[in-house]
Amino acid sequence: MKIKSAKFVISNQDVKRCPDTKLPEYAFIGRSNVGKSSLINMLTNHKSLAKTSGKPGKTQLINHFIINEDWYLVDLPGYGYARVSKTSKAKFQKFITNYFKQRRQLVCAFVLADIRHDPQPIDTEFMEWLGENGIPFAIVFTKADKLKVGALERNIEAYKQQLLDGVWEEVPPYFVTSSTSALGRDELLNYIDEINKSL
Ligand code: GTP
Ligand code: MG
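The shown structure was predicted, so the numbers you read here are calculated from the model rather than taken from an experiment.

(A) Region of interest: the site of ligand 1. Contacts to ligand 1 come from 22 residues, most closely from K36, S38, G57, T59 and S179. One of the backbone N or O atoms of G35 is found 2.9 Å from an oxygen atom in ligand 1. Look at ligand 1: alone it shows 660 Å² of surface, and the protein chains cover 86% of it. Looking at the shell around ligand 1 residue by residue, the class counts come to 2 nonpolar, 14 polar and 6 charged.

Written as structure tokens, this is what we have:
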């Protein structure tokens, strides 16, 4: 799929104030610093459409970007970001949970995981929660450029095996990406294109 246009639309904390259209959307979720905002920039070929940072906790709101005037990419705050107070963490998680539960336009969630690490309980628990709530999702492994090919392949296999050893009978769809080399860009955009066409 060709990206003809990508524009920021709105940021907010309230799912009820997200764009009031019927266009399909795809949300990026995962731990802080995993590379959600960077991936949006990589996919859209923009340097700083979504704000990124070396420090975790950069994205704090639900951010909608409209692509080709036809569908949305949604950048979300990271879960599991420890350096906020307990009350604001609970509030934070509430609006993210509400977004996933209430947003009818959401057709697929992308759960991002840094391929350098083993599956983290917070990620696998979130995938299970998506499954229980009937929300389709795919896994996006990020930062593939940080590993050599052999280590990358070993980590992918180990990650898949740990999912199968857990609650999953089959491995969910997954993509291997790098925001610095654009690895996985075509595959991810084609996946979105196929879903858009099937709607
Ligand atoms: P929050 O908004 O805080 O939840 O983080 P985020 O998941 O949006 O991460 P962000 O895109 O801001 O990236 C965090 C850091 O990781 C930045 O320093 C990025 O440059 C770096 N980064 C993201 N993706 C990649 C990647 O594929 N490769 C490399 N080498 N660095 C990456
Ligand atoms: Mg971000």
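Additional details are given in the paragraphs that follow.
(B) A look at the packing of helix α1 (residues 36-44) against helix α5 (residues 185-198). Look at α1 against α5: their axes get within 10 Å of each other, and the N-to-C directions meet at 85°. Between α1 and α5, the interaxial angle falls into the category roughly perpendicular. Contact with α1, carried on its side by L39, M42, L43 and T44, involves R185, L188 and L189 of α5 and no other residues of that element. Taken together, the residues of the contact of α1 with α5 break down into 5 nonpolar, 1 polar and 1 charged.

(C) The arrangement of the nonpolar core in detail. Ranked by internal contacts, the top residues of the largest apolar core, which has 33 residues, are Y99, F100 and L130. Of all the elements in the fold, those that place two or more residues in this core are β2 (25-30), β3 (62-67), β4 (71-75), α2 (86-102), β5 (106-114), α3 (121-132), β6 (137-142) and α4 (149-165). Here L130 is in contact with F100, A109, V111, I135 and F137, once residues within four sequence places are set aside.

(D) Looking closely at the packing of aromatic side chains. As enumerated under the stated definition, the model contains 15 aromatic pairs in all. Relative to W129, the ring of F100 lies with its centre 6.4 Å away and its plane at 90°, an arrangement referred to as edge-to-face. Of this pair, F100 sits in helix α2 while W129 sits in helix α3, and the two are 29 residues apart along the sequence. Comparing F100 with W129, the two get one shared label, buried. Grouped by ring-pair contacts, the aromatic residues Y26, F28, W71, F110, F175 and Y191 constitute a single cluster.

(E) Representation of the sheet that holds β6 within the structure. Spatially, 7 strands are ordered β1-β3-β4-β2-β5-β6-β7 in an open sheet, and the strand pairing comes out mixed. Each edge of the sheet is formed by a strand with only one pairing partner; in this case those strands are β1 (6-12) and β7 (174-176). Going across the sheet, the axis of each strand differs from the next one's by a mean of 25°, ignoring polarity. Alignment of β2 against β4, held across 4 bridges, turns out to be parallel. For Y26, the partnering residue across the bridge sits in β4 and is L73. Against the sheet, α3 contacts β2, β5 and β6, and its axis sits at roughly 165° relative to β5. Against the sheet, α5 contacts β2, β4, β5, β6 and β7, and its axis sits at roughly 160° relative to β5.

(F) Up close: the coordination of the magnesium ion (ligand 2). Around the magnesium ion (ligand 2), the donor atoms from the protein are S37 (OG) and T59 (OG1), and they sit 2.0 to 2.2 Å away. Here S37, found in helix α1, pairs with T59, found in the loop between α1 and β3; they are 22 residues apart in sequence, far enough to count as distant. The same class applies to S37 and to T59, which are both buried.

(G) Representation of the pattern of salt bridges within the structure. Applying the stated rule across the entire model yields 5 salt bridges. Residues D114 and R116 are paired through a salt bridge, measuring 2.7 Å at the closest nitrogen-oxygen approach. We classify D114 as buried; its relative accessible area is 11%. Its relative accessible area of 33% is what places R116 among the partly exposed residues.

Analysis parameters
- Residues numbered from 1 in each chain as written.
- Chains lettered and ligands numbered in written order.
- Predicted model: local features only at pLDDT ≥ 70, side-chain atom pairs only at ≥ 80, totals over all residues.
- Heavy atoms only, no water.
- Near = heavy atom within 4 Å.
- Polar contact = N/O pair within 3.5 Å; in protein donor to acceptor, adjacent residues only side chain to side chain.
- Areas by Shrake-Rupley, 256 points an atom, 1.4 Å probe, with all protein chains shown as cover.
- Nonpolar A, V, L, I, M, F, W, Y, C, P; charged D, E, K, R; others polar.
- Axes fitted to C-alpha atoms, helices over the stretch in contact; angles between N-to-C directions.
- Helix = DSSP H or I, 4+ residues; strand = E, 2+ residues; numbered from the N terminus.
- Parallel < 35°, antiparallel > 145°, perpendicular 65-115°, else oblique.
- Contact = heavy atoms within 4.5 Å.
- Core = buried A, V, L, I, M, F, W, Y, C linked by side-chain atoms within 4.5 Å.
- Buried < 20%, exposed > 50% of the residue type's maximum accessible area, 1.4 Å probe, protein only.
- Phe/Tyr/Trp six-rings, centres within 6.5 Å; stacked < 30°, edge-to-face > 60°.
- Pairing = 2+ DSSP bridges.
- Donors = N, O, S within 2.8 Å, 3.2 Å for Na, K, Ca; no water.
- Salt bridge = Lys/Arg side-chain N within 4 Å of Asp/Glu carboxyl O.

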